[in-house]
Structures are given as structure tokens and as C-alpha cells.
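Remarks on the overall topology
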Amino acid sequence: MTAKIIDGRAVSAAIRSDLKIRVQALAKKGTTPGLAVIMVGANPASAVYVRNKIRACGEVGIRSFQHNFPADADPKAILDLIEELNTRKDTHGILVQLPLPPQFSISEILQTISADKDVDGFHLYNVGGLVVGDTVFPPCTPYGVVKLLEHEGIEIEGKNVVVVGASNIVGKPMALMLMQRDATVAICHAKTRDLAQFTILADILVVAAGKPNLIVPQMVKTGAVVIDVGINRLPDGRLVGDADFEGLKNKVSHITPVPGGVGPMTVTMLLSNTIASAERAA
Ligand code: NAD
């Protein structure tokens, strides 16, 4: 079997063309969607992510406001800024790039963002919405995975899904979203004993552990769908996912590459959430 390589860049481009049309419709009502991006410190990976998000906003017509703080910033300054952004009419989404320096309480920062502008979907209100299947802003990475599956016509209902990774930003919301779509979901994590005994049952395997080569062909059922969320930089500089892409591509039915799979979708869903927020405000 030769896998269909799911082209996240192409799916992303198709979704972004639709987003541009929604931005034009908003312009007719006198609204330009606005996203505020707050970054603290100079983490090189965060700087790349922020740059990509700002560039993507420009491409679809979202106005972006970048707020950079030094690594030793007083958390109060960021909390005050968030309070101000919560009230601004030109700002429909507020994003704080994680991780934050150790003097910050991430939960305090995230809970200060108005649930109406929480385009990352990390506020407890939105997390609760996800649990009951009524989300306002679905978290961007798992939302992007769902959109990829939908775009490829991969049925979710009734499927055995295994999610490897149980973080608050990827694994847990991913599991909830797929459960909401009537999949049977198992969640594995670093303490799971005998990972392969779970992964081998998956019709759809979503991997978000941040461990290169964690998923090898003998752990995966023939014909399964493999969605690789992992992003790992190898010592030789190469970027790889968590799955053995070369080994798996002759065994599974669909697989996402890294880079060029889930990554572009994450940013696209951030744009989508920001536009949805502006549409609600308009
Ligand atoms: P995290 O470190 O917060 O969580 C990792 C999860 O994987 C934890 O639940 C941990 O228990 C589990 N895990 C670790 N080792 C494991 C093992 N050997 N077996 C089973 N489970 C194991 O990471 P995160 O923020 O959820 O990100 C996960 C990966 O996804 C990272 O590589 C990250 O860079 C990537 N990521 C990609 C995107 C994207 O847009 N493509 C977005 C967010 C995160």
C-alpha cells in the first residue's frame, strides 16, 4: 500500500482563500479583523512562530498588533495590556505566545484574556465548551487536524482513534474533538505501558508527543491514517515528526509529512478563529 501524503500546505491554502472572502465581506460592514500577539522574551522558536502568524494575518487581510516584552518583564505589565486589549474594538483576538518565562503564571495570563477574544481556545470557558461539545474557539492545532481529516474525506464516526500525547494544547482537546464526532478514543501518554498495544488498534492515529521515531511501522495497523503533529529538530538540523514517515508511507492509507502537514493548518485555524470572532462582533 502506498499512502496518500496529506498536503497540509495545499489544504491550508484552500481554506485561506475562503477566509479572504470572509474578510472582504467584513470590510463591507466596516470591520477589519484584528489580532494582538504578545511575546515575552526572545525564544528563537517562538520568534519564528510569531513571525509566521503575523505574516499569515497580512496575507488574508487581518490587522495584527505585535507586543514584545523583554524576558524579565513584570507579569503585571502583560496583565494590564491584556485588560486593555479586552476592551479594544479593533482587536478581535488576543494571543500570548507560549512558553512564558518562569515568573509568569500561565493560567493567570490565559484566564485574563476575555473568553470572547480567546482565539487560541485556552481559556477555561472555551475548554469547558469543548468538553460539552459547544466550543466558541476550538484550539488551533487539533482544529487543524479535524479540518485535514474532513478535507481528505476521512470518516471519523465510529472509528478507533488513538491520540498519543495528552497535553492541554494538543492531545486532550484533540481527543475531545474526535469524541464529539463519535469516534472511540484512547489517549496515551508518557506513562502508558506498552504503547504499541494501543496504537495497533487505531484506524486513525494522532501523534503529538515530541519524540522523533516514536511510532514505527510495526506499531501501526495496515491501512491506518497517521496524523503526525510532532515537530522535532534533529542534531543535524532536520525537522521531523514523531512517526517514522519513510517506514510508514508504504503501510498506511494516509499520512501527514513534517514539515508541511499539520503545521500550516495550526496558523490557518488561528486566522479562522480571529475572523469568526470579528464576525461575531460585527
Ligand atoms: P507536551 O510536551 O506538552 O506534551 C507531550 C505529551 O506527549 C505528554 O502528554 C507526554 O506524556 C506525551 N509523551 C511524551 N513522551 C511520550 C512517549 N514516549 N510515549 C507516549 N507519550 C509520550 O507537548 P505538546 O505541546 O503537546 O506538543 C507535542 C508535539 O507537537 C511537540 O513536538 C510540539 O512541537 C508539536 N506541536 C506541533 C504543533 C503544530 O502546529 N504542528 C502545535 C503544537 C505542538
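First, a word on what this report is: a plain description of the structure on this page. (Residues numbered from 1 in each chain as written. Predicted model: local features only at pLDDT ≥ 70, side-chain atom pairs only at ≥ 80, totals over all residues. Heavy atoms only, no water.)

Here we take up the side chain of Ser 253. By the secondary structure assignment, Ser 253 is in the loop between α9 (245-248) and β11 (254-255). Look at Ser 253 and you get buried, because its relative accessible area is 19%. At a separation of 3.0 Å, a polar atom in the side chain of Ser 253 contacts the main-chain carbonyl oxygen of Gly 223. Setting aside chain neighbours within four positions, we find Ser 253 in contact with Met 1, Ala 3, Lys 4, Gly 223, Ala 224 and Val 225. (Helix = DSSP H or I, 4+ residues; strand = E, 2+ residues; numbered from the N terminus. Buried < 20%, exposed > 50% of the residue type's maximum accessible area, 1.4 Å probe, protein only. Polar contact = N/O pair within 3.5 Å; in protein donor to acceptor, adjacent residues only side chain to side chain. Contact = heavy atoms within 4.5 Å.)

This part covers helix α5 (residues 124-131). If you check which residues of α5 are buried, you get Asn 126, Gly 129 and Leu 130. Across the axial projection of α5, the buried residues extend over an arc of 100 degrees, all falling on one side. The outward face of α5, more than 90 degrees from its buried face, is lined by the exposed residues Leu 124, Tyr 125 and Val 131. Summarising the contacts, the buried residues of α5 are in contact with α7 (171-180). Following α5 by one or two positions, Gly 133 adopts a phi angle in the positive range, close to 80 degrees. (Arc of directions from axis to C-beta.)

Our focus in this paragraph is the sheet that holds β11. Spatially, 6 strands are ordered β1-β11-β8-β7-β5-β6 in an open sheet, and the strand pairing comes out parallel. At either margin of the open sheet sits one strand with a lone partner, and together these are β1 (4-5) and β6 (184-188). Here strand β5 (residues 160-164) runs beside β6; their pairing, made up of 5 bridges, is parallel. Bridging across to β6, Asn 160 finds its partner in Thr 184. (Pairing = 2+ DSSP bridges.)

In this section: helix α6 (residues 140-151). Taking 1.5 Å of rise per residue, the 12 residues of α6 would be expected to cover 16 Å, and the 16 Å separating its terminal C-alpha atoms lies within 8% of that figure. Burial analysis of α6 places 9 of its 12 residues in the buried class, which makes it a mostly covered element. What α6 keeps buried is the set Cys 140, Thr 141, Pro 142, Tyr 143, Gly 144, Val 145, Val 146, Leu 148 and Leu 149. Looking at the packing, one finds that the buried side of α6 touches α1 (8-28), α7, β7 (204-207), β8 (225-228) and α10 (262-281). At the C-terminal side of α6, Gly 153 shows a positive phi close to 70 degrees. (Expected span 1.5 Å × (residues − 1).)

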